Amino acid sequence: MTRFEEVSQKSALHPKPKGLTLQYGTAGFRTTANILDHVMFRMGLLATLRSKKTKAAIGVMVTASHNPEEDNGVKLIDPMGEMVTPAWEGYATQLANAEQDALCTVLKEIIKKESIDMSQAPSVLIGRDTRPSSEILSRAVLDGVSSLEGHSQDFGLVTTPQLHYMVLCRNTNGGYGTATTQGYYEKLSKAFIELTKNAAKRTDDQKRLLVDGANGIGALKMREMDAFLKSELQVELFNDGSSGRLNHQCGADYVKVQQKAPQGMHMDPGQRCCSFDGDADRIVYYYTDSAGHFHLLDGDKIATLISTYLKELLTRAGLNLQVAVVQTAYANGSSTQYLEHVMKVTVCCTKTGVKHLHHAAQEFDIGVYFEANGHGTVLFSKKAEEQIRKLAKDPDTSDEKRHAAKLLESTVNLINQATGDAISDMLLIEAVLAIRGISVQDWDVIYTDLPNRQLKVKVADRRVIDTTDAERRAVTPAGLQDSIDALVKKYKQARAFVRPSGTEDVVRVYAEADTQESVDALAHQVSLAVYRLAGGVGDEPKPLK
Ligand code: NG1
Ligand code: ZN
């Protein structure tokens, strides 16, 4: 039997529901778990081909992040820990949608188009989140890999960023770190302890942090990490998965979109808290004040805190490196205003989805990128990293400069440069607050968010909406953008846009304006325009209470 006949035979054990079509979206495939088995098998095949092509280890993560527990998904991770390159997203879609009898033809086409040397030994690293469906789906991925005689390593339960880290470690021959969870904990905790040594007067109260684990993998991994932190951070875990459902009324997405604290968190006024999402690649911070008001510190506030800290250290170290911040259309207008006009840092806006932000951030000496939802990291260029490491051990420079360079060096080590990472971001934020001696309240008042609102509208086919200008303007359907423009004009400091989600079957609506009342009215009116002009289904959107 030829290799392809074998693939075909094995794939029959992972049958594709006839006629089902799915698309590789913002973060891979995502839908209800019970129709994903064939996709998983095929992503095992594709990862094997990608590994042969790049002559490097490729990652496959089984997760649906912040989606409900009954969903699942899969995405591929490229050699340097980044999202798979766009051309291969296209292959992923083709493979996932090929009917059984056409599967091998599609495979052969990819091999031919990419001139893949099939004698090259492939290596695929696999990880999964805590969803009940993830274990069996990850076995389908392994089946796909083995049917092309690929070598795989199953990391089992890991956070998405941990798998990205493993891929990067493996492909740098350990240069980035050791490709084990222990290696990950050791690297991050060492850098964190190095940094917090510079804030010796931290009280136990300041070291205390409440963490909402979204009932997911992040909670499990935070517990494993605890011992490595040597009480320099005292984490109290909530929504640790022992009882509640994944992402249900908890987690970073819930907190960000609902603008309220998760359920099951016992927080005193002023207490610093944070939430991870279901696969621990996003984080948001928050607290309630003595009047009971909820304050959210999202990805925009995180980007501001980190970029300010980096700029200060660079100045103290006398290093002339450019810091830029990459945002998306969801960034609060106040944050962009503050970064550009007060901080004087370069800000650029890309389409939603980490791959776009990551790519843009690579253009700068130091690129800080965060989605407003709390997904982000910092990328240091080779040049920046070399200059920092050199200065940190330069005996001829002043103590002040060397000290600043050492802080920067530990910061580089603490950040997961492969992708946004809730655990790594949390440690960095905690270290920055400690070093600067500021509270979560001091951080919060750096600027005030414009009131904003995110809504979802169900339509028959969300692809009818096409956008331009980093998704800030709708090109189709006809008349939609004009309606939005006319609505926005009625409010002060207002802005609104709509785009089809890449992870859910909905159109997302975003609005901001000078008051919550105005923004709620604007968001509702824009939702109605989408419903009427883009083929809304079900009941008409109702005004917000
Ligand atoms: P979609 O569903 O395309 O809006 C969401 C997030 C993205 C990104 C992906 C992947 C918002 C508005 N969108 O994408 O930023 O994080 O999920 O998880 O938060
Ligand atoms: Zn996530």
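A short tour of the structure in this document, coming up. A quick note: this is a predicted structure, and the numbers were derived from the prediction, not measured. (Residues numbered from 1 in each chain as written. Chains lettered and ligands numbered in written order. Predicted model: local features only at pLDDT ≥ 70, side-chain atom pairs only at ≥ 80, totals over all residues. Heavy atoms only, no water.)

On to the coordination of the zinc ion (ligand 2). Of the protein atoms, only Ser65 (OG), Asp277 (OD), Asp279 (OD) and Asp281 (OD) coordinate the zinc ion (ligand 2), at distances of 2.0 to 2.1 Å. For the zinc ion (ligand 2), the four donor atoms in the first shell make angles of 85 to 172° at the metal, so the coordination geometry reads as irregular. When the donors of the zinc ion (ligand 2) are listed by position in the chain, the intervening gaps give S-x211-D-x1-D-x1-D. With Ser65 in the loop between β2 (57-62) and β3 (71-77) and Asp281 in the loop between β8 (273-276) and β9 (283-288), the pair connects residues that are 216 residues apart, well separated along the chain. The class of Ser65 is buried, set by a relative accessible area of 3%. Residue classification places Asp281 among the buried positions, given a relative accessible area of 4%. (Donors = N, O, S within 2.8 Å, 3.2 Å for Na, K, Ca; no water. Tetrahedral: all angles 85-135°; square planar, octahedral: opposite > 155°, others 65-115°. Helix = DSSP H or I, 4+ residues; strand = E, 2+ residues; numbered from the N terminus. Buried < 20%, exposed > 50% of the residue type's maximum accessible area, 1.4 Å probe, protein only.)

With that settled, consider the sheet that holds strand β19 (residues 507-512). Spatially, the three strands line up as an open sheet ordered β15-β19-β18, and their pairing is antiparallel. Of all strands in the sheet, those bounded by a partner on one side alone are β15 (452-457) and β18 (495-500). Neighbour to neighbour, the strand axes of the sheet diverge by 15° on average, direction disregarded. Taken together, the six bridges between β15 and β19 define a ladder with antiparallel strand orientation. Bridging across to β19, Asn452 finds its partner in Glu512. (Pairing = 2+ DSSP bridges. Axes fitted to C-alpha atoms, helices over the stretch in contact; angles between N-to-C directions.)

The subject of this paragraph is empty space enclosed by the protein. Empty space among the atoms becomes visible once a probe the size of a water molecule is rolled across them. For the structure on display, the rule yields one cavity of 30 Å³ or more. Approximately 30 Å³ is the volume attributed to the largest cavity. Forming the walls of the largest cavity are Lys256, Val257, Gln259, Asn452, Arg453 and Gln454. Within the residue set of the lining of the largest cavity, elements represented by two or more residues are α10 (252-258) and β15. A per-element tally of the lining of the largest cavity places β15 first, with three residues. For the lining of the largest cavity, the class distribution of residues is one nonpolar, three polar and two charged. (1 Å grid on protein atoms, 1.4 Å probe; cavity = no way out; pocket = protein on both sides within 12 Å on 5 of 7 lines; lining within 4 Å. Points joined across faces, edges and corners; volume = space filled by probe spheres on them. Nonpolar A, V, L, I, M, F, W, Y, C, P; charged D, E, K, R; others polar.)

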